[in-house]
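Residue strings, one per chain:
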Amino acid sequence: MVDAFLQYLDMGGYAAFVWPAYGLSAAGLIGILVLTLRTLKARQKEFDALKALRRGDSERN
Amino acid sequence: MAMTRKRRRLYFVMLALLGLGAGTALVLTAFQDNIVFFFSPTEIASQQLTPERRIRVGGLVEQGSVVKNGENVTFAITDMNKSLKIQYQGLLPDLFREGQGIVAEGRMGTDGVFTAHEVLAKHDENYMPREVADALKKSGQWHEPTAKNGAPTTTTEPVPTTAQ
Amino acid sequence: MHKFANPTQFMRIANAIFPWAAGLTVILFLVGLPIALVTSPADYQQGETVRIFYLHVPAAYMGVMVYAIIAVNSAAYLIWRHPMANLVARASAPVGAVFTALCLICGMLWGQPMWGTFWAWDARLTSTLIMFFIYLGYMALGDAFEDPERGDRAAAILALVGSINLPIIKFSVEWWNTLHQPSITSMQGFSVDGSMLTPLFLMMGAYTTFYISVLILRLRGELLAAKIRNARMSQVAISPAAQLAE
């Protein structure tokens, strides 16, 4: 069982190439997704703050 | 008025792209010899090459031509027209085997033997499990290779010639 | 087509598509990855390294496709001044750059064990690297101007000029001899066994829906940024003193 799993992980001797390819691809895709979500959240916050500010302005006027 | 401006911009973009494409095509054609990655044995034979010039040659490893002597290897490559003898010292890539397409970088010797400093293996565009490859060979549907894509040449099992 | 130039209309459709694209991305990865990594067979020549194929080819395909989308939208922006076309192009670029980088990285990790080298300056590899640099230049140029509209226009022109590279990438393996192997598609169909085409298509599908999902998220962000800019501008218009106080 464990041997078979270890043999699988070895990728026929090419583990040093196959696994980094999958790891880096995952990192790249997850990275761009997280970056996108973070920017989106920050902008939403900024926009909400601006809206609140404007509402305050118009109430004062 | 606005319509004609858009029309004009459309024509301008199309014309600019056409000009750019034509220019690029001309440049690429002019530099054809510099863009090719390797020369075939036929091209090598038709040129007068100085031994100082580092070049790359490519072709299929000829059946039965591989002679290994420790780290030293000699083999011949062919483009189905002419063949070229190559000597090399060092590790060969995993895909190196008889019938396989390879690219060797090095210098042409005065004796007509090419001394390679680096040997790279090409692989072809065919992907299949071993069983399918075996079945194809058995049924005689194995595709004949061309020297350009470096596909396997034989109907027999390729002989692995790598160290491991 | 001009109907989609309206950002509100466009985003209504995009937002309706989003949950489907995102859900499909998850499903395609959940189905595709185990097949690509575990159940699909090893190649008769390349052994287990063929598993890199299921990442390299989708990344290469998307790198080129996203560039084509950027080029078409850049043309639409330059000719018809569609604001939405500009946003689609600008929002696509970072995603396309990531795909191209992954294509190059996976290609190197595949080339080392199979070819015997990480890199060779052959026509296919070089033209793909050039596309990656054009992506970087496009993103940098778009942000390099004080006036955002001038940045958009300069970037769009660069994208169109760079589109000359697309046919070169595609046909490089046919026009010149290269270390890179020829395309797996030809008039006769695919030169890949069915058991390997399945994971390939699943991963290509996953990468495609991933791009669509991230693009929609980025478009939301771009539209928010535009709204913030407008709000700031109107604020300044109301009270110039507020800007000085900042």
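Residues numbered from 1 in each chain as written. Chains lettered and ligands numbered in written order. Predicted model: local features only at pLDDT ≥ 70, side-chain atom pairs only at ≥ 80, totals over all residues. Heavy atoms only, no water.

### Quick word on the overall build of chain B
Then, number 1: Within chain B, the secondary structure is distributed over four helices and six strands.
Then, number 2: Taking all 164 residues of chain B together, the buried fraction comes to 44%.
Then, number 3: Nonlocal contacts in chain B, meaning residues at least 24 apart in sequence, comprise 54% of its contacts between residues at least 6 apart. (Helix = DSSP H or I, 4+ residues; strand = E, 2+ residues; numbered from the N terminus. Buried < 20%, exposed > 50% of the residue type's maximum accessible area, 1.4 Å probe, protein only. Contact = heavy atoms within 4.5 Å.)

### Some remarks on the pairing of strand β3 (residues 72-78) of chain B
Residues and elements named next belong to chain B.
Then, number 1: Across the seven residues that make up β3, a large majority, five, are buried.
Then, number 2: Alignment of strand β1 (residues 54-61) against β3, held across two bridges, turns out to be antiparallel. Within the sheet, the bridge partner assigned to Val61 lies in β3 and is Ile77.
Then, number 3: Sheet topology note: the strand β2 (residues 67-69)/β3 ladder contains three bridges and is antiparallel. Along β3, the bridge assignment pairs Asn69 with Asn72.
Then, number 4: Once β2 ends, the chain turns through two residues before running back antiparallel as β3, passing Gly70 with a positive phi of about 65°.
Then, number 5: Pairing geometry for β3 and strand β4 (residues 83-89), over seven bridges, is antiparallel. Of the residues in β4, the one forming a bridge with Thr74 is Gln87.
Then, number 6: The hairpin formed by β3 and β4 contains four residues between the paired strands, and Met80 there has a positive phi angle of roughly 75°. (Pairing = 2+ DSSP bridges.)

### Let's talk about the interface of chain C and chain B
Then, number 1: Opposite the 44 residues of chain C that make contact, chain B presents 39 residues.
Then, number 2: Across the chain C to chain B interface the summed buried area is about 3700 Å²; carbon plus sulfur atoms make up 61%.
Then, number 3: On the chain C side of the interface with chain B, the three residues burying the most area are Tyr44(C), Gln45(C) and Asn177(C), jointly 23% of the side's total.
Then, number 4: Scanning the region where chain C abuts chain B turns up zero salt bridges.
Then, number 5: When residues of the side of chain C that touches chain B are assigned to their parent elements, the largest contribution, five residues, is made by helix α2 (residues 50-80) of chain C. (Buried area = accessible area lost by both parts, 1.4 Å probe. Salt bridge = Lys/Arg side-chain N within 4 Å of Asp/Glu carboxyl O.)

### Describing the nonpolar core
Soluble globular proteins tend to bury their nonpolar side chains together.
Then, number 1: Ranked by size, the top nonpolar core spans 86 residues in total, and within it Phe53(C), Tyr54(C), Phe99(C) and Tyr207(C) carry the most contacts.
Then, number 2: Sort the elements by how many residues they give to this core and helix α7 (residues 194-238) of chain C lands first, with 19 residues.
Then, number 3: Contacts of Tyr54(C), omitting those with residues within four sequence positions, involve Tyr22(A), Ala36(C), Ser40(C), Met196(C), Pro199(C), Leu200(C) and Met203(C).
Then, number 4: Counting residues in hydrophobic clusters, the runner-up holds 28 residues, among them Leu49(B), Val61(B), Phe114(B) and Ile164(C). (Core = buried A, V, L, I, M, F, W, Y, C linked by side-chain atoms within 4.5 Å.)

### Some remarks on the packing of aromatic side chains
Two aromatic rings are characterised by how far apart their centres lie and by the angle between their planes.
Then, number 1: Applying the stated criterion to the full structure yields 16 aromatic pairs over all chains.
Then, number 2: Ring-pair connections join several aromatic residues into one group, and the members of that group are Tyr127(B), Phe53(C), Tyr54(C) and Trp110(C).
Then, number 3: Lying across the ring of Phe37(B), Arg56(B) places its NZ or CZ 4.0 Å from the centre.
Then, number 4: In this structure, Lys170(C) is placed above the aromatic ring of Phe171(C), and the distance from its NZ or CZ to the ring centre is 5.7 Å. (Phe/Tyr/Trp six-rings, centres within 6.5 Å; stacked < 30°, edge-to-face > 60°. Lys NZ or Arg CZ within 6 Å of the ring centre and 35° of its normal.)

### Thoughts on the packing of α2(C) against helix α5 (residues 148-162) of chain C
Residue and element names in this part refer to chain C.
Then, number 1: Following both chains from N to C, one finds α2 and α5 inclined at 125°, their axes separated by 8 Å at the closest point. With respect to α5, the axis of α2 lies oblique. Where α2 crosses over α5, the handedness of that crossing is left-handed. Contacts between α2 and α5 involve Tyr67, Ile70, Ala71, Ser74, Ala75, Tyr77 and Leu78 on the former and, on the latter, Glu149, Asp152, Arg153, Ala156, Ile157, Leu158, Ala159, Leu160 and Gly162.
Then, number 2: Along the lines of polarity and charge, the residues of the contact of α2 with α5 split into 11 nonpolar, two polar and three charged. (Axes fitted to C-alpha atoms, helices over the stretch in contact; angles between N-to-C directions. Parallel < 35°, antiparallel > 145°, perpendicular 65-115°, else oblique. Left-handed = near helix turned anticlockwise from the far one by under 90°. Nonpolar A, V, L, I, M, F, W, Y, C, P; charged D, E, K, R; others polar.)

### Focus: a nonpolar patch on the surface
Then, number 1: Nonpolar side chains collect at one region of the surface, where Met1(A), Val2(A), Phe5(A), Leu6(A) and Leu9(A) lie side by side and expose about 580 Å² of accessible area between them.
Then, number 2: Positionally, Leu6(A) belongs in helix α1 (residues 2-10). (Patch = residues over 30% accessible without salt bridge, like charges linked within 9 Å, V, L, I, M, F, W, Y side chains within 5 Å. Areas by Shrake-Rupley, 256 points an atom, 1.4 Å probe, with all protein chains shown as cover.)

### Overview of the pattern of salt bridges
If the charged atoms of two oppositely charged side chains come close together, the side chains can form a pair.
Then, number 1: Taken as a whole, this structure holds seven salt bridges over all chains when the rule is applied.
Then, number 2: Among the salt bridges present, the one from Glu105(B) reaches Arg56(B), with a minimum N-O distance of 3.5 Å. Here Glu105(B) is found in strand β5 (residues 101-108), whereas its partner Arg56(B) is found in strand β1, with 49 residues between them in sequence.
Then, number 3: With its nearest N and O atoms 2.8 Å apart, the salt bridge here joins Arg153(C) to Glu149(C). Remark: Glu149(C) and Arg153(C) occur in helix α5; sequence separation between them is four residues, near one turn of the helix.
Then, number 4: Residue class for Glu149(C) comes out partly exposed when judged on its relative accessible area of 43%.
Then, number 5: One connected set of salt bridges, linked through shared partners, spans Arg54(B), Arg56(B) and Glu105(B).

Function-wise, these values are silent; they only describe arrangement.
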